[in-house]
Amino acid sequence: MPKDYGIGASSKRREDVRFLTGRGVYTDDMALHGQTYAVFVRSTVAHGRIRSVGTEAASKMPGVLAIFTGEDFKDVGGNPAGWLINSRDGTPMHEPKRPVLAHGKVRHVGDAYAAVIAETYQQAKDAAQQISDDTDIEELPAIVDMRAALADSSNRVHDEIPDNQCYDWGWIEDNRAAVDAAFKSAPHVTTLELVNNRLVPNAMEPRASIGEYFPGTGDYKLTTTSQNPHLTRLLVAAFVLGIPENKLTVVAPDVGGGFGSKIYHYGEEALVLAAAKKLARPVRWTAERSESFLSDAHGRDHVTKIELACDKEGNFLAFRTETMANVGAYLSNFATVTPTFLHGTLMAGPYKVPHVYVNVKTVFTNTAPVDAYRGAGRPEATYSLERVIDKMCRELGLDPFEVRRKNFLTTDMFPYTTPVGLVYDTGNYHATLDKAMEMADVAGFAKRRADSAARGKLRGMGLSTWIEACGIAPSNLVGILGARVGLYDAATVRVNATGNISVMVGAHSHGQGHETVFAQIAAEKLGIPESSVEIVHGDTSKIPFGMGSYGSRSLAVCGVAMTKAIDKIVAKGKKIAAHMLEAAEGDITFEDGKFSVAGTDKAKTFGEIAFSAYVPHNYPLETLEPGLEETAFYDPANFTYPAGAYICEVEVDEGTGKVDVVAFHCADDFGNVMNPMIVEGQVHGGVGQGIGQALLESTTYDENGQLLTGSYMDYAMPRAGDVPFYNVDYSCQTACTHNVLGVKGCGEAGAIGSPPAVVNAVLDALHSGGHKIAHIDMPVSPGRVWQAING
Amino acid sequence: MTQVSMTVNGKPVSGEVEGRTLLVQFLREGLGLTGTHVGCDTSQCGACVVHVDGKPVKSCTVFAQDVAGSSVKTIEGMANADGSLGTLQQAFQDHHGLQCGFCTPGMVMSSAALLADNPNPTEAEVRHHLEGNICRCTGYHNIVKAVLTASGQPVAAE
């Protein structure tokens with residue numbers, strides 16, 4: 001019988017009640033006394049030199065309170081890159097300043113160069129239009145294509161960077177000669193050039209920020225749509241505006257999805273704070289969806305050549321890749337690590353391949369910044385690997401299931417050091433593949449294919465096996481690799497006098513259900529009802545510290561910090577119990593919410609201990625402090641390594657090129673599972689986004705740097721009719737060996753594993769119809785399929 | 001400015017609006033009913049769906065003054081009289097049909113309108129009906145499951 005409480009139970013989400021009754025409180029839902037409205041003036045050209053910003057007429061318009069331009073922020077700091085990456089030759093990367101508002105040049109359509117604050121939104125909007133009309137920008141040729149950007153040093157996104165290259169990274173450079181030698185002597189080499197399409201994250205809640213300033217104390221408050229309020233506080237305070245960190249509170253209330261795009265600090269956040277100080281009134285801004293398309297950090301956008309060396313039986317000998325990764329016009333906070341250490345280090349997959357070399361050139365262009373989006377580097381690695389493996393299987397006439405199976409690491413090989421520098425602690429890739437094949441009824445595929453054919457459709461089956469590194473991340477390792485921050489997390493457990501508890505966590509929930517899952521774990525560990533646990537997140541004035549939620553890290557890092565804090569609570573509780581029960585501390589045991597003297601019936605409940613902690617009559621104060629509250633920081637010893645096998649079945653209409661996903665099977669190993677219902681939901685959502693990337697979503701800039709897909713009328717979001725029910729299994733569990741919960745993380749899996757499964761299925765279908773097509777780039781739209789079929 | 005009156009969630013309300021004031025602005029800013037959300041500017045996402053005289057309407061696409069005298073129902077009016085979740089809302093919770101919650105009010109209002117018109121929709125009919133509501137979190141699986149369950153039908157999906 002399934003568990004109905006605590007760890008492993010599918011507890012219903014407590015946050016749902018407020019969301020289902022319209023009582024969630026998102027940033028834009030807040031109304032503040034005296035509030036004013038900010039509207040940003042954004043560049044309509046991709047690349048231009050600002051001759052003058054026309055503020056004069058606008059400043060006299062009704063309701064206008066203040067206008068800011070790049071000039072106002074030229075002496076404050078820029079929004080920094082979170083990681084410093086060196087090139088292959090050891091030179092440091094280029095890090096151009098990313099200002100609050102563009103100054104001197106505009107570098108992408110949507111680059112904000114001015115902001116208006118007015119009494120009403122409409123007044124601000126009207127004045128912003130006036131500024132746009134009155135501004136003189138000399139349009140320069142747009143740099144859009146990465147290859148052209150690298151080749152032409154006469155046209156530069158940033159004047160000081162001659163070849164528009166941020167860095168030229170090699171991983172691992174010292175292994176390059178050995179990899180090249182492996183290719184030279186290999187019996188077979190498969191080569192594939194592919195594009196990992198640029199995506200717009202499109203959290204359904206647009207970004208929004210409210211700045212407040214309290215003249216009486218000099219305090220600032222930023223309410224914002226953030227996945228990690230502490231990092232935003234650090235960046236705004238220490239790097240950009242120079243506000244003392246203790247004078248700035250950052251609150252991320254209910255946040256309507258993130259998928260990476262809300263990890264980062266954006267200039268709008270600094271602007272509303274600076275404006276609030278100037279006006280001594282709250283300043284609010286909410287993006288229109290068209291602004292989100294133009295100014296949110298996008299994802300992916302790699303152009304890759306991957307080569308696979310193998311023997312004639314399909315045993316892998318080496319992988320080698322060359323990638324151009326677009327970072328857009330400015331470096332967003334995680335832009336430099338995503339195509340490098342979140343991508344190159346995964347290029348061995350779940351396979352025992354002896355040689356791997358990865359080269360990434362990261363390129364500035366006149367497009368929106370590109371950064372981590374659900375999966376972040378790992379989907380790009382998985383897609384390259386799983387596509388080239390399928391191509392090799394077809395070239396050599398090998399079975400794609402068997403080729404994966406024979407190349408998998410085996411369970412006796414862990415811990416396993418990959419040729420790209422990671423140490424996988426545990427896994428069972430054969431088990432997830434076997435499970436996926438059972439779920440997909442691979443044996444019955446021929447009949448299903450025949451049934452589809454009878455209906456005039458080509459049916460295909462595609463496989464992808466994937467691994468990721470998440471639970472981001474061990475600080476000592478990322479420090480060596482160039483991170484400017486540590487990636488631990490923190491939690492405070494506050495036991496109240498009446499025995500219920502408040503847990504302040506550094507992780508931030510914007511859909512993941514932390515308020516429910518963290519409470520399940522705390523309740524079980526302390527032997528109290530889930531309803532006695534309140535999870536507090538998203539407020540820097542309440543929580544100790546935290547690095548937020550991304551990289552499938554919430555439980556694997558912050559959940560473990562909470563568990564450590566609970567251990568401290570239990571230890572303190574034992575001291576109190578020893579005093580109350582007149583026993584030695586070493587004789588006290590804690591089980592099922594009771595502190596007992598071992599071997600006796602003397603016991604105190606958790607509630608009695610809590611009460612005593614706050615009503616400490618007769619405490620030996622030299623050795624026992626009153627109160628029951630503990631904080632723990634946890635820094636992981638390693639990444640975690642979830643892995644799995646995905647099988648997709650599609651039907652292709654040869655006449656129209658339309659692809660329908662008719663079945664999708666996921667067998668994942670997430671380690672221990674805390675709430676199965678939520679884990680399944682995370683996989684569903686990730687697969688939905690992966691199908692979107694594979695079949696629908698295209699972010700298209702024209703040669704002038706104009707975004708052609710800047711609304712939901714042009715950018716094809718997956719809708720309910722585009723996806724099937726998914727078949728999800730997480731029963732193949734190998735517990736993470738280095739965290740006490742044994743969890744690995746499940747948030748990104750679906751988006752990592754699914755795109756290659758879909759594309760492999762489409763190509764399988766086409767081949768079954770006699771169409772010998774080696775590759776179609778994503779999104780595999782009807783037009784692209786039709787063209788591939790019809791030449 | 002024009003004075004408009006209408007019934008919202010069974011209560012008579014009135015307020016001053018400009019000609020260009022959208023229904024969603026009147027609900028959110030005028031009445032403080034912030035459960036109805038704005039997720040796009042092209043009438044695509046459906047986060048703003050409310051019922052006007054029983055029909056689902058994208059409240060970002062109608063002027064407040066054009067629904068004067070109508071009966072409007074928003075997500076705040078969907079719970080049972082005792083405050084407990086209605087059948088459809090409860091199905092969304094039971095089947096994890098929401099994650100970040102932002103599209104949820106529109107999903108519930110749109111699905112409720114479907115079930116009012118078609119009490120026993122097929123899976124395909126549910127998916128087709130929800131084409132005007134975008135969710136980025138759930139991959140739709142549990143939303144479709146919740147709607148089918150709320151209709152009292154068995155659901156094949158896990």
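Predicted model only: the values in this text are computed from it and were never measured. (Residues numbered from 1 in each chain as written. Chains lettered and ligands numbered in written order. Predicted model: local features only at pLDDT ≥ 70, side-chain atom pairs only at ≥ 80, totals over all residues. Heavy atoms only, no water.)

Let us look at the sheet that holds strand β1 (residues 36-42) of chain A. Residue and element names in this part refer to chain A. Read from one edge to the other, the open sheet built from seven strands follows the order β3-β5-β1-β12-β9-β10-β11, with strand pairing classed as mixed. Looking at strand neighbours, the two that pair on one side only are β3 (64-69) and β11 (248-251), the edges of this open sheet. Within this sheet the neighbouring strands show an average axis-to-axis angle of 20°, counted without direction. Examined bridge by bridge, strand β10 (residues 219-224) and β11 share four bridges and lie parallel to one another. Bridged to T223 within β11 is V251. Helix-sheet contacts for helix α3 (residues 121-134) involve β1, β3 and β5 (112-118), and the interaxial angle to β1 is about 25°. (Pairing = 2+ DSSP bridges. Helix = DSSP H or I, 4+ residues; strand = E, 2+ residues; numbered from the N terminus. Axes fitted to C-alpha atoms, helices over the stretch in contact; angles between N-to-C directions. Contact = heavy atoms within 4.5 Å.)

With that settled, consider the pairing of strand β21 (residues 533-536) of chain A. All names here are of chain A. Examined bridge by bridge, strand β20 (residues 501-505) and β21 share four bridges and lie parallel to one another. If you follow M504 over to β21, its bridge partner there is V536. Crossover connection from β20 via helix α14 (residues 514-526) to parallel β21: handedness right-handed. (Right-handed = clockwise from strand over helix to strand, strands pointing away.)

Quick look at the UniProt feature "domain: Aldehyde oxidase/xanthine dehydrogenase a/b hammerhead" (unreviewed entry) in chain A now. Per the UniProt record, "domain: Aldehyde oxidase/xanthine dehydrogenase a/b hammerhead" (unreviewed entry) is found at residues 21-141 of chain A. Helix makes up 15% of residues 21-141 of chain A and strand 26%, whereas the separation of the span's terminal C-alpha atoms amounts to 51 Å. (UniProt positions renumbered as here; feature names shortened; annotations may be inferred.)

Right, let's get into the packing of aromatic side chains. Residues and elements named next belong to chain A. Scanning all chains against the criterion turns up 26 aromatic pairs over all chains. Between W171 and F341 the ring centres are 5.0 Å apart and the planes differ by 85°, which places this aromatic pair in the edge-to-face class. One end of the pair, W171, is in strand β7 (residues 165-171); the other, F341, is in the loop between β14 (316-328) and β15 (355-364), with 170 residues separating them in the sequence. For W171, a relative accessible area of 18% gives the class buried. Residue class for F341 comes out buried when judged on its relative accessible area of 10%. With 4.9 Å between their ring centres and 55° between their planes, Y424 and Y641 make a pair best called tilted. Taken together, the residues Y424 in strand β17 (residues 423-424) and Y641 in the loop between β25 (629-634) and β26 (643-652) connect sequence positions 217 residues apart. For Y424, a relative accessible area of 0% translates into the label buried. Through successive ring pairs, a cluster of aromatic residues spans F316, F319, Y351, F408, F414 and Y429. Between R18 and the ring centre of F19, over which it is positioned, the NZ or CZ distance is 4.8 Å. (Phe/Tyr/Trp six-rings, centres within 6.5 Å; stacked < 30°, edge-to-face > 60°. Buried < 20%, exposed > 50% of the residue type's maximum accessible area, 1.4 Å probe, protein only. Lys NZ or Arg CZ within 6 Å of the ring centre and 35° of its normal.)

Turning next to the packing of helix α2 (residues 87-94) of chain B against helix α3 (residues 104-117) of chain B. Any two packed helices are characterised by the angle at which their axes cross and by the distance between the axes. All names here are of chain B. In contact at an axis separation of 10 Å, α2 and α3 are set at 125° when each is read in the N-to-C sense. As summarised for this structure, α2 and α3 are arranged oblique, according to the angle between their axes. Of the two possible hands of crossing, α2 and α3 adopt the one that is right-handed. In contact with L88, Q89 and F92 of α2, α3 contributes M107, V108, S111, A112 and L115. Its residues assigned to classes, the contact of α2 with α3 comprises six nonpolar, two polar and no charged. (Parallel < 35°, antiparallel > 145°, perpendicular 65-115°, else oblique. Left-handed = near helix turned anticlockwise from the far one by under 90°. Nonpolar A, V, L, I, M, F, W, Y, C, P; charged D, E, K, R; others polar.)

Before going further, it helps to examine the environment of K572 of chain A. For K572 of chain A, the position within the fold is in helix α15 (residues 554-581). Ignoring sequence-local partners within four residues, the contact set of K572 of chain A consists of L624, E625, P626, G627, L628 and E630 of chain A.

For the rest of this paragraph, the subject is the nonpolar core. Ranked by internal contacts, the top residues of the largest apolar core, which has 202 residues, are F319, F664 and L766 of chain A together with F92 of chain B. The element contributing the most residues to this core is helix α18 (residues 749-768) of chain A, with ten residues. If near-sequence neighbours (up to four positions away) are discounted, L766 of chain A is found in contact with L458, V652, H771, I773, I776, V785 and I789 of chain A. (Core = buried A, V, L, I, M, F, W, Y, C linked by side-chain atoms within 4.5 Å.)

Our focus in this paragraph is the domain arrangement of chain B. Residues and elements named next belong to chain B. Along its sequence, chain B is organised into domain 1 (2-77) and domain 2 (87-150). Both sides of the domain 1 and domain 2 interface together cover about 1100 Å² of buried area, and 65% of this is carbon and sulfur. Summed over the shared surface of domain 1 and domain 2, the number is zero salt bridges. Taken together, the links from domain 1 to domain 2 amount to six residue pairs in polar contact (both at pLDDT 80 or more). (Domains from an automatic or database assignment. Buried area = accessible area lost by both parts, 1.4 Å probe. Salt bridge = Lys/Arg side-chain N within 4 Å of Asp/Glu carboxyl O. Polar contact = N/O pair within 3.5 Å; in protein donor to acceptor, adjacent residues only side chain to side chain.)

Residue and element names in this part refer to chain A. If you walk across this open sheet you meet the four strands as β21-β20-β19-β25, and the pairing is mixed. The strands lining the two open edges of the sheet, one partner per strand, are β21 and β25. Direction aside, the axes of adjacent strands within the sheet are offset by 15° on average.

This brings us to the environment of A667 of chain A. All names here are of chain A. The residue A667 is located in strand β27 (residues 659-669) in this model. Note on A667: relative accessible area 0%, which makes it buried. Sequence spacing of A667 and V179 is 488 residues, and the spatial spacing of their C-alpha atoms is 32 Å. In this structure A667 touches T432, K435, A436, M439, A643, G644, A645, Y646 and D729, once residues within four positions along its chain are discounted.

This part takes up empty space enclosed by the protein. All names here are of chain A. Overall, the coordinates contain eight cavities of 30 Å³ or more when judged by the stated rule. In this structure, the largest cavity occupies an estimated 230 Å³ of space. Lining of the largest cavity is provided by 20 residues; of these, R98, P99, V100, D111 and G267 occupy positions nearest its centre. For the lining of the largest cavity, the per-class residue count stands at nine nonpolar, six polar and five charged. If you add up the space inside the second largest cavity, you get close to 80 Å³. Every residue lining the second largest cavity is counted, 16 residues in all, and those nearest its centre are R300, H302, T338, P339 and V370. If you tally residues by element for the lining of the second largest cavity, the top one is β14, at three residues. Tallied by class, residues from the lining of the second largest cavity come to eight nonpolar, four polar and four charged. (1 Å grid on protein atoms, 1.4 Å probe; cavity = no way out; pocket = protein on both sides within 12 Å on 5 of 7 lines; lining within 4 Å. Points joined across faces, edges and corners; volume = space filled by probe spheres on them.)

Moving on, we get to helix α1 (residues 23-30) of chain B. By the burial criterion, the buried members of α1 of chain B are L23, V24, F26, L27 and R28 of chain B. Structurally, α1 of chain B contributes buried residues whose contacts are with β1 (2-8), β2 (11-17), β3 (49-52) and β5 (71-73) of chain B.

This part is about the interface of chain A and chain B. Contact residues are listed per partner, giving 53 residues for chain A and 50 residues for chain B. At the boundary of chain A with chain B, total buried surface from both sides reaches about 4300 Å², with 57% on carbon and sulfur atoms. Broken down residue by residue, the surface that chain A buries against chain B is led by L20, M204 and F725 of chain A, which jointly contribute 20%. Summed over the shared surface of chain A and chain B, the number is four salt bridges. A salt bridge links D94 of chain B to K12 of chain A; its shortest N-O distance comes to 2.8 Å. Where chain A packs against chain B, one counts 27 residue pairs in polar contact (both at pLDDT 80 or more). Take the side of chain A that touches chain B: its biggest share by element is eight residues, from helix α17 (residues 676-696) of chain A. Taken together, the residues of the side of chain A that touches chain B sort by class into 23 nonpolar, 18 polar and twelve charged.

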